[in-house]
Amino acid sequence: MNHDYFIGVDIGTTSTKAIVFSATGNVKGMGNHGYPLLVPQPGWAEQDPNSIFEAVIAAVRDAVNQSGVLRSQIAAVSFSGAMHSVIAIDAKGKPLQNALIWADNRSIAQTTRLKQDETGHSLYLRTGTPIHPMSPLPKLMWMQEESPDIFKNTVRFISIKEYVLYQLLNRFVVDYSIASATGLLNLQQLKWDEAALMIAGIQSEQLSELVPTTLQLRGIKREYAQAMGLEADTPIVVGANDGCLANLGVGAIAPHQVAVTIGTSSAVRAVIPKPMTDEKERTFCYALTEKHWVIGGPSNNGGIVLRWLRDNFCQMEVEQAKQQGIDAYDLMVQAASQIAPGAEGLICLPFLSGERAPYWNPNARGIFFGVGLHHHKAHFIRSVLEGVLFAVYSITLALRDLAGSTQEIRASGGFARSAPWRQMTADIFGSEVLVPQVYEGSAFGAAVLGMYAVQAISRLEDVEKLIQIRDRHLPNPDLLNIYKQLFSVYEQVYDHTIKEFTTLAEIQ
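About the criteria used
- Residues numbered from 1 in each chain as written.
- Predicted model: local features only at pLDDT ≥ 70, side-chain atom pairs only at ≥ 80, totals over all residues.
- Heavy atoms only, no water.
- UniProt positions renumbered as here; feature names shortened; annotations may be inferred.
- Pairing = 2+ DSSP bridges.
- Helix = DSSP H or I, 4+ residues; strand = E, 2+ residues; numbered from the N terminus.
- Contact = heavy atoms within 4.5 Å.
- Axes fitted to C-alpha atoms, helices over the stretch in contact; angles between N-to-C directions.
- Parallel < 35°, antiparallel > 145°, perpendicular 65-115°, else oblique.
- Left-handed = near helix turned anticlockwise from the far one by under 90°.
- Nonpolar A, V, L, I, M, F, W, Y, C, P; charged D, E, K, R; others polar.
- Phe/Tyr/Trp six-rings, centres within 6.5 Å; stacked < 30°, edge-to-face > 60°.
- Buried < 20%, exposed > 50% of the residue type's maximum accessible area, 1.4 Å probe, protein only.
- Salt bridge = Lys/Arg side-chain N within 4 Å of Asp/Glu carboxyl O.
- Polar contact = N/O pair within 3.5 Å; in protein donor to acceptor, adjacent residues only side chain to side chain.

The name recorded for the protein chain in an unreviewed UniProt entry is Gluconokinase, from Floridaenema flaviceps BLCC-F50. The protein chain has a UniProt comment under Sequence similarities (unreviewed entry) that states "Belongs to the FGGY kinase family."

Structure (structure tokens):
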């Protein structure tokens, strides 16, 4: 019996997706199970680790059942996981609290302290993780100061993916990719950074064993193997973080390529052969393999800004879409497409939930600049679509400073379904935009890493043979200068309002 199938499991912020792929990259079955985001206080963001583990089991089971593949035909299960989560674990391996996830902002005070002197800057240069409340390092500082009882009773601090692997295999391991997003890993040494541990108030023994992303583990607990439809000795490939695997999943691992993902939030990433940090602290640097490092930046504000616009100002489009049996976003984008590029002088700074890269400013807020009497709803929709892309483009410019020019963009996430939005991307970036057939980049990237781990492919670059390009968009040369001027105004508006953002946050 040939072992011809691979399962990629993507443990995301809102749900876990599991997809069964053939060795040629075709989707054979899929499962998707969601879980709630818990917000016990404003600015906090938590999730129940056990709910996520149950979703993993259910998603894999559904994917295997839908695929019709025999359990003996599955060559490996490989994991992708969201970054920056922290779970406090007791001596029995039980969570002492919910997982604090990337969106949790409770450690703003600790982050501010770190950034006040050279300590934060030197930490970033060694670890590649920007000093920001998303990072586990300031989260641990907050726990030490504000939740001392739990902190002192914690035997181990782990991420959500580590918790899932522990439940399945009874072993605490963390891949270099997830570890490199904690702010605690020295990128050059690939060891826990002593100074970072001291600041966090923990010992290296309280963290999991560091392992390569391609490590294979065996011995799934029988009840879970049975529940998922797997054999107990099916190889489990530890895998990597979702950002790195999104690049692999869309085939953006050559020097001239970048991956642009716009879903609820956004990100831009490129692959380089060795770790690299940015003196200006604009970008992250995370491990994929020893020869593949991912640099880039995340934006808080992607499709969530368009959703805010839809929910608050586009009820007519929502009702019309229901009647026509289509998506309200399609009607909104259609209306925006009738407006000239630049929305006739209306510029949106889309920072409705603060901003990460390249500014790393949690106090930033949204602005519509240049509003005139001639502007109506469609102009605002167009300016939001362009504003989200301006935010993403600003990250891309930082990447170009570090890694050189890019000629090709690989698009993924919800925005990849919208042809007009993809064309705007090509026009603003001045680069060709390619849209792969597979949308679930992180799950496919996990499966490809699994293929590489079990030597079904000889190198990661072979992913290119498995990817079909569905659409291509070339930039319109007539629009390049228009967007260049508009982007310059966008940057100036931000630069002139930094102080006011801080004042406004203090008033609130």
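If you trace the six strands from one edge of the open sheet to the other, you get β3-β2-β1-β5-β14-β13, paired in mixed fashion. The open sheet terminates on both sides in strands that have one partner only, identified here as β3 (27-34) and β13 (216-217). Note: β13 against strand β14 (residues 236-241), two bridges, orientation antiparallel. For Leu217, the partnering residue across the bridge sits in β14 and is Ile236. Docked against the sheet, helix α1 (residues 49-67) engages β1 (5-11), β2 (15-22), β3 and β5 (74-81), running at close to 155° with respect to β3. Helix α16 (residues 441-453) rests against β1, β2, β5, β13 and β14 of the sheet, and its axis sits at about 135° to β1.

Before going further, it helps to spend a moment on the environment of Lys291. By the secondary structure assignment, Lys291 is in the loop between β17 (284-289) and β18 (292-299). Separated by 17 residues in sequence, Lys291 and Lys274 have C-alpha atoms that sit 6.4 Å apart. Those residues within four positions of Lys291 in sequence are excluded, and the remaining contacts are Ile272 and Pro273.

Let us look at the packing of helix α11 (residues 303-313) against helix α14 (residues 377-403). Two elements in contact, α11 and α14, have axes whose closest approach is 10 Å; the angle formed by their N-to-C orientations is 165°. Taken together, the axes of α11 and α14 are roughly antiparallel relative to one another. Helix-helix and strand crossings are classified by hand; for α11 and α14 the assignment is right-handed. Across the interface between the two elements, Val305, Leu306, Leu309 and Phe313 of α11 pack against Lys377, Phe380, Ile381, Val384, Leu385 and Val388 of α14. Among the residues forming the contact of α11 with α14, the class breakdown is nine nonpolar, no polar and one charged.

Attention now goes to the UniProt feature "domain: Carbohydrate kinase FGGY N-terminal" (unreviewed entry) in the protein chain. Mapped onto this numbering, the UniProt entry gives "domain: Carbohydrate kinase FGGY N-terminal" (unreviewed entry) at residues 5-249. A distance of 16 Å separates the end C-alpha atoms of residues 5-249, which is 36% helix and 24% strand.

Before going further, it helps to spend a moment on the packing of aromatic side chains. Overall, the coordinates contain 20 aromatic pairs when judged by the stated rule. Ring centres of Phe151 and Phe157 lie 5.4 Å apart, and the angle between their planes is 35°; on these two criteria the pair is classed as tilted. With relative accessibility at 10%, the residue Phe151 sits in the buried group. Between Phe284 and Tyr286, the aromatic rings sit 4.3 Å apart at their centres with planes inclined by 10°, giving stacked as the arrangement. Judged on exposure class, the residue Phe284 and its partner Tyr286 are both buried.

So, on to the sheet that holds strand β21 (residues 408-412). Pairing in this open sheet of seven strands is mixed, and the strands run β17-β18-β16-β15-β21-β22-β23 from one edge to the other. Two strands in the sheet have a free side with no partner beyond their single neighbour: β17 and β23 (469-473). Put simply, the sheet's adjacent strands are angled 25° from each other on average, direction ignored. Note that strand β15 (residues 257-262) and strand β16 (residues 266-272) share four bridges and pair antiparallel.

Scanning all chains against the criterion turns up 21 salt bridges. Among the ionic pairs, Lys322 bridges to Glu319, the shortest N-O distance being 3.8 Å. Taken together, the residues Lys322 and Glu319, both in helix α12 (residues 315-324) and three residues apart, mark about one turn of the helix. Measuring nitrogen to oxygen at the nearest pair gives 3.6 Å for the salt bridge that ties Asp462 to Lys465. The class for Asp462 is buried, based on a relative accessible area of 9%. Counted as one network, the salt bridges with shared partners bring together Arg459, Glu461, Asp462 and Lys465.

With that settled, the discussion passes to the side chain of His473. Inspection of the secondary structure puts His473 in strand β23. A polar contact is formed between the side chain of His473 and the side chain of Gln423, at a distance of 3.2 Å. For His473, the residues in contact, after removing those within four places along its chain, are Ala419, Arg422, Gln423, Ala426, Ser431, Glu432 and Val433.

Among the structural elements, Ala109 can be located in helix α2 (residues 108-114). A residue is classified by how much of its surface remains accessible, and Ala109, at 45% relative accessible area, is partly exposed.

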